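# Results of the structural survey
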Amino acid sequence: MGFYLNGTGAYSLFQLDYSLTYFADKSDIMKELVPILELKNPAENDGKR
């Protein structure tokens, strides 16, 4: 994604980018949440899945 200048062309580019789906990397959040969730379910963590 580049930079935008004032003008109709820039606004059209902004609208195009805004309408697209995007990817959010949540791997850092998952690294923190998975261990917490595993601690809350000790019965599932004993290898009997």
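Scroll up to find the structure this text is about.
Below is a summary of the structure that appears in this document. Here the structure is a predicted model, which means the values were calculated and not measured.

Right, let's talk about the overall build of the protein for a bit. Looking only at helices and strands, the protein features two helices and zero strands. Looking at the protein as a whole, 2% of its 49 residues are labelled buried. Approximately 5,100 Å² of the protein is accessible, and the part contributed by carbon and sulfur atoms is 62%.

What follows concerns the packing of aromatic side chains. Across all of its chains, the model carries two aromatic pairs by this definition. Relative to Tyr-18, the ring of Phe-14 lies with its centre 5.7 Å away and its plane at 25°, an arrangement referred to as stacked. Highlighted residues: Phe-14 and Tyr-18, both in helix H1 (residues 8-19), separated by four residues, approximately one helical turn. Taking relative accessible area as the criterion, Tyr-18 reaches 66% and is therefore assigned exposed. Three or more aromatic residues link up through ring pairs in this structure, and these residues are Tyr-11, Phe-14 and Tyr-18.

All right, on to the pattern of salt bridges then. Tallied over the entire structure, the rule returns one salt bridge. One salt bridge in this structure joins Lys-31 and Asp-28, with 3.8 Å as the shortest N-O distance. Of this pair, Lys-31 and Asp-28 are both found in helix H2 (residues 27-40), three residues apart, which corresponds to roughly one turn of the helix. Taking relative accessible area as the criterion, Lys-31 reaches 60% and is therefore assigned exposed.

The next subject is a nonpolar patch on the surface. Nonpolar side chains collect at one region of the surface, where Ile-29, Met-30, Leu-33, Val-34, Ile-36 and Leu-37 lie side by side and expose about 520 Å² of accessible area between them. Within the element layout of this structure, Leu-33 appears in helix H2.

What counts, and at which threshold
Residues numbered from 1 in each chain as written. Predicted model: local features only at pLDDT ≥ 70, side-chain atom pairs only at ≥ 80, totals over all residues. Heavy atoms only, no water. Helix = DSSP H or I, 4+ residues; strand = E, 2+ residues; numbered from the N terminus. Buried < 20%, exposed > 50% of the residue type's maximum accessible area, 1.4 Å probe, protein only. Areas by Shrake-Rupley, 256 points an atom, 1.4 Å probe, with all protein chains shown as cover. Phe/Tyr/Trp six-rings, centres within 6.5 Å; stacked < 30°, edge-to-face > 60°. Salt bridge = Lys/Arg side-chain N within 4 Å of Asp/Glu carboxyl O. Patch = residues over 30% accessible without salt bridge, like charges linked within 9 Å, V, L, I, M, F, W, Y side chains within 5 Å.

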